[in-house]
There are 4 protein chains.
Amino acid sequence: MSSSVARSERRKKALATVPVDKADPSNEGAESLAEGGRKSILLEVAARQFAKKGFDKTSMRDIAAAFGVLPGSLYHHFNSKDELFIAVYAAGVDRMIDAVAKATENIVDPWDRLEAACVAHLQELLGHENVLAAVLADNSISDGELRKAWAHERGRYEDLLRTLVDAVELNAGVESRYFRLGLLGAINWTLTWYQAGGESPEQIARKLVALFRPLGNPVQFPPL
Amino acid sequence: MSSSVARSERRKKALATVPVDKADPSNEGAESLAEGGRKSILLEVAARQFAKKGFDKTSMRDIAAAFGVLPGSLYHHFNSKDELFIAVYAAGVDRMIDAVAKATENIVDPWDRLEAACVAHLQELLGHENVLAAVLADNSISDGELRKAWAHERGRYEDLLRTLVDAVELNAGVESRYFRLGLLGAINWTLTWYQAGGESPEQIARKLVALFRPLGNPVQFPPL
Amino acid sequence: MSSSVARSERRKKALATVPVDKADPSNEGAESLAEGGRKSILLEVAARQFAKKGFDKTSMRDIAAAFGVLPGSLYHHFNSKDELFIAVYAAGVDRMIDAVAKATENIVDPWDRLEAACVAHLQELLGHENVLAAVLADNSISDGELRKAWAHERGRYEDLLRTLVDAVELNAGVESRYFRLGLLGAINWTLTWYQAGGESPEQIARKLVALFRPLGNPVQFPPL
Amino acid sequence: MSSSVARSERRKKALATVPVDKADPSNEGAESLAEGGRKSILLEVAARQFAKKGFDKTSMRDIAAAFGVLPGSLYHHFNSKDELFIAVYAAGVDRMIDAVAKATENIVDPWDRLEAACVAHLQELLGHENVLAAVLADNSISDGELRKAWAHERGRYEDLLRTLVDAVELNAGVESRYFRLGLLGAINWTLTWYQAGGESPEQIARKLVALFRPLGNPVQFPPL
DNA sequence: TATGAATGAGCATTCATTCAT
DNA sequence: GATGAATGAATGCTCATTCAT
């Protein structure tokens, strides 16, 4: 719940949208509950489109059609396709961060925390009609400005992961950086082969984490 | 298997010896008898373009310009962009298979074989001006016919990997499928974060494989 | 004539005292009684925009942003972009007429009057951050209704010029019409090559007028 | 005739178009006579459009329609609207230069040369369905790259004018620069008020030049 | 084999304007 | 007076592809 508030705070910063020159937004309390309305619906609609086809192949026309509006009208809400994309992306990252935070909040054992985080990550990634997947995996983002914003959002999530990984006790000689990147790769690569109907994202996550978990880990340091 | 190697042997010869933009047309008579050297040059040129920008963002114009020809002329060699891409991709897979085959041919220990394969894989992927990387990682291939052909080529390589993985002795409870997919994910994900100038592809590969290698593996089950 | 001066007196007061982007809304009560000060501010803001970029390239969005308002809101003040432009243009012509009238009011010799008028004209045209220049020189006004209104405003000023020119004694064989158009052309063409920092508009005007002034003119026909 | 050759030489340099990487253009002699065909027709069609409506208001669609082709097809000939425009513009300048050169080639008296040049200039400017007029007078060219090319072409013509003006004997105290700019202004300003059907461009030019011609000029140096 | 010319569909974006609230 | 949302038409441009020469 508190994380949810944090989320929208973050989003406000990330989006930093249009207000031309405009007056004081002093009565913001009023809108925070169920307003924002149209814009956040657009955000979700766009997310679904980007997820389905990737950034390049999703045209503003597609999004406009799905939103029930003419193409030009989208520019009332976002100044460019890039801006819309990074807003969608930032929202996705927020969501991921919230999911991981909530999933780990009552767990103390570092390995269990990490596993719970990965389960949440993969559920978020593969569920919801894959809304977040293509967005996060999209590698067609190659132009300067957009790439920078994209990397920034991505970094926010990776920072969280780093914290979780650093808390874990690794086998001698294993570098934490490679452990983190390897684990992330193993998990995100599911996007490449996952098919709905097989094992659940949760099961998959647990099995992948298990690959990296030192064998006797929970046993290795038995409490006295 | 040997036929595949033979095929790619031929192809490699053509691929390896190509000047960047346009061969001097002086000794054309010599190679014209063999099997259409011009076509292989086009293949190599196209590979470089696809690698640099991905499938979608590489236009036939780009390829034609790099090949020193007008766009329409490309259609004398390939009937469509898809067809050209598949050819490029198949050549890339051939190359990968050859590299892995050669890297493992004198090694007997299964874990060592797997490690050697991963090293070769990553060297191939990250080296050569990244010629193969974007092609293999490209997820913008989503249309029916193209996707099918693409999956087929990809399958040829994954079959090889499966063989290598199946030979390895895994920790109890670890499913070979997840092991294989997790390892492949960890390794291919490097495309996302690798930066030339840091550790070498070889070092990276070894460290990533180590993550998956049971700790005392060669020792744990000593032959009687 | 005097009514025109009176009108533009009023207008000038409004035009002259305007801060760039948005007046502080603190003392709004004071001027609201007069005659809609807000509208004159808009007029000035729009003038600056038209001056900077010409009619076509100035969008209602540009003007609205500079005025501190959303585009749609402009239509409370003017029914169309054309109408707004005409108003801006009329104000510019008023200003020009006033400047010329004031500059010539105490001069009796016709040639001196004409020279003074040209100096005032050019100062008005090239000074004031070029606020009037592009407006007067803009030849992108080509559509029917707008063009007509535009020609009308322009005519008001040219009538004044005609009066000044007709008072002047020309060389034998010189037609007054060509003299007037040639002089106007020479002077307005400065918009094409004038660069702030070189000679002043006043100097330029005097030198250009000198080109047209019969050599020994004041001397040539000495009063008996 | 020799000037005509010079013209196309110049144009080749100014246009510097598309040839992707391409083969040797060794047999150019063949095309210089009546070839070039399609491209130069396009150039003329575009000139007419630009002349009628100015740069901004002429859309590529307009030009394409007038050329009898779909919009995208224009990009086979020119890479951008800007490039097309500067080609049109350069051709116009070439034409102007040729016209002036031819008009003055057998005249020796400097004032007569200058007058003949102005007549040719104005005929070129106001004749030919005004093909060149709007192009030369267009002040909507404001963006960096395009503006630079535009200024360059314009400069070529102004250099020629300078030569003609410098040869002329001016009244004492008249600076040649102001004389040149004033004359050019007077003449080009005709675009603002010229109406076909009245006096001919030739008559207008002579009368305008007369305004600047020192009164007793032909008398000033009486033949013995 | 290659060129030169064209197609037809699609793209992101901009613009003046309208109108219910 | 002003906003927020939308319209509908236009704009410059790109792309894979075709085909007569």
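This text goes with the structure placed above it.
### Here's the deal with the packing of aromatic side chains
Taken as a whole, this structure holds 34 aromatic pairs over all chains when the rule is applied. Considering the side-chain rings of C:Phe55 and C:Phe85, the 4.8 Å spacing of their centres and the 70° angle between planes classify their relative orientation as edge-to-face. Taken together, the residues span a long stretch of sequence, with C:Phe55 in helix α3 (residues 37–57) and C:Phe85 in helix α5 (residues 81–104) at a distance of 30 residues. Each member of the pair, C:Phe55 as well as C:Phe85, carries the same accessibility label: buried. One aromatic cluster in this structure is built from A:Trp111, A:Phe179, A:Phe212, B:Trp111, B:Phe179 and B:Phe212. When the ring centre of A:Phe78 is taken as reference, the NZ or CZ atom of A:Lys39 above it lies at 5.2 Å. The ring of D:Phe55 is capped by D:Lys81, whose NZ or CZ atom sits 4.4 Å from the centre of that ring.

### Regarding the interface of chain D and chain C
Contacts between the two partners involve 30 residues from chain D, matched on the other side by 31 residues from chain C. A combined buried area of about 2700 Å² lies between chain D and chain C, and 61% of that area is made up of carbon and sulfur atoms. Among the residues of chain D in contact with chain C, D:Tyr178, D:Trp189 and D:Leu211 are the three that bury the most area, contributing 28% of the side total. Seen at the junction of chain D and chain C, the total is four salt bridges. Applying the counting criterion to the chain D and chain C interface returns four residue pairs in polar contact (both at pLDDT 80 or more).

### Some points on helix α7 (residues 144–166) of chain D
Each full turn of the α-helix corresponds to 3.6 residues, which orients residues three or four apart in the same direction. Taking 1.5 Å of rise per residue, the 23 residues of α7(D) would be expected to cover 33 Å, and the 31 Å separating its terminal C-alpha atoms lies within 8% of that figure. Among all positions of α7(D), only D:Leu146, D:Trp150, D:Glu153, D:Arg154, D:Arg156, D:Tyr157, D:Leu161, D:Leu164 and D:Val165 are buried.

### A few points about the relation of the copies chain D and chain C
Between the two copies, chain D and chain C, the superposition gives an RMSD of 0.2 Å; the rotation angle is 180° and the shift along the axis is 0.0 Å. Viewed as a symmetry operation, the transformation between the two copies matches a two-fold axis. Taken as a fraction of all interface residues of chain D, those also at the interface in chain C reach 100%, which identifies the copy contact as same-surface.

### Observations regarding the relation of the copies chain A and chain B
Once chain A is rotated about the relating axis by 179° and shifted along it by 0.1 Å, it coincides with chain B to within an RMSD of 0.3 Å. A shared binding surface is used by both copies, with 100% of the interface residues of chain A retained as interface residues in chain B.

### Notes on the protein's contact with DNA strand E
Around DNA strand E sit 29 residues, and of these A:Tyr75, B:Ser73, B:His76, D:Arg38 and D:Ser73 come closest. In DNA strand E, the atoms that sit within 4 Å of the protein are 57% sugar and phosphate, with bases accounting for the remainder. Sorting the residues of the surface near DNA strand E by element identifies α3 (60–67) of chain A together with α4 (60–67) of chain C as the ones contributing at least two each.

### What about the interface of chain A and chain B?
Opposite the 30 residues of chain A that make contact, chain B presents 31 residues. Between chain A and chain B the total buried area reaches about 2700 Å² when both faces are included, carbon and sulfur atoms providing 61% of it. When the area that chain A buries against chain B is broken down by residue, the three leading residues are A:Tyr178, A:Trp189 and A:Leu211, summing to 28%. In this structure, the connection of chain A to chain B is made through four salt bridges. For the pair chain A and chain B, the interface holds four residue pairs in polar contact (both at pLDDT 80 or more). Mapped onto the side of chain A that touches chain B, the elements with two or more residues apiece are α2 (37–57), α8 (176–188), α9 (190–193) and α10 (201–212) of chain A.

Conventions and cut-offs
- Residues numbered from 1 in each chain as written.
- Chains lettered and ligands numbered in written order.
- Predicted model: local features only at pLDDT ≥ 70, side-chain atom pairs only at ≥ 80, totals over all residues.
- Heavy atoms only, no water.
- Phe/Tyr/Trp six-rings, centres within 6.5 Å; stacked < 30°, edge-to-face > 60°.
- Helix = DSSP H or I, 4+ residues; strand = E, 2+ residues; numbered from the N terminus.
- Buried < 20%, exposed > 50% of the residue type's maximum accessible area, 1.4 Å probe, protein only.
- Lys NZ or Arg CZ within 6 Å of the ring centre and 35° of its normal.
- Contact = heavy atoms within 4.5 Å.
- Buried area = accessible area lost by both parts, 1.4 Å probe.
- Salt bridge = Lys/Arg side-chain N within 4 Å of Asp/Glu carboxyl O.
- Polar contact = N/O pair within 3.5 Å; in protein donor to acceptor, adjacent residues only side chain to side chain.
- Expected span 1.5 Å × (residues − 1).
- Least-squares fit on C-alpha atoms with pLDDT ≥ 70 in both.
- Near = heavy atom within 4 Å.

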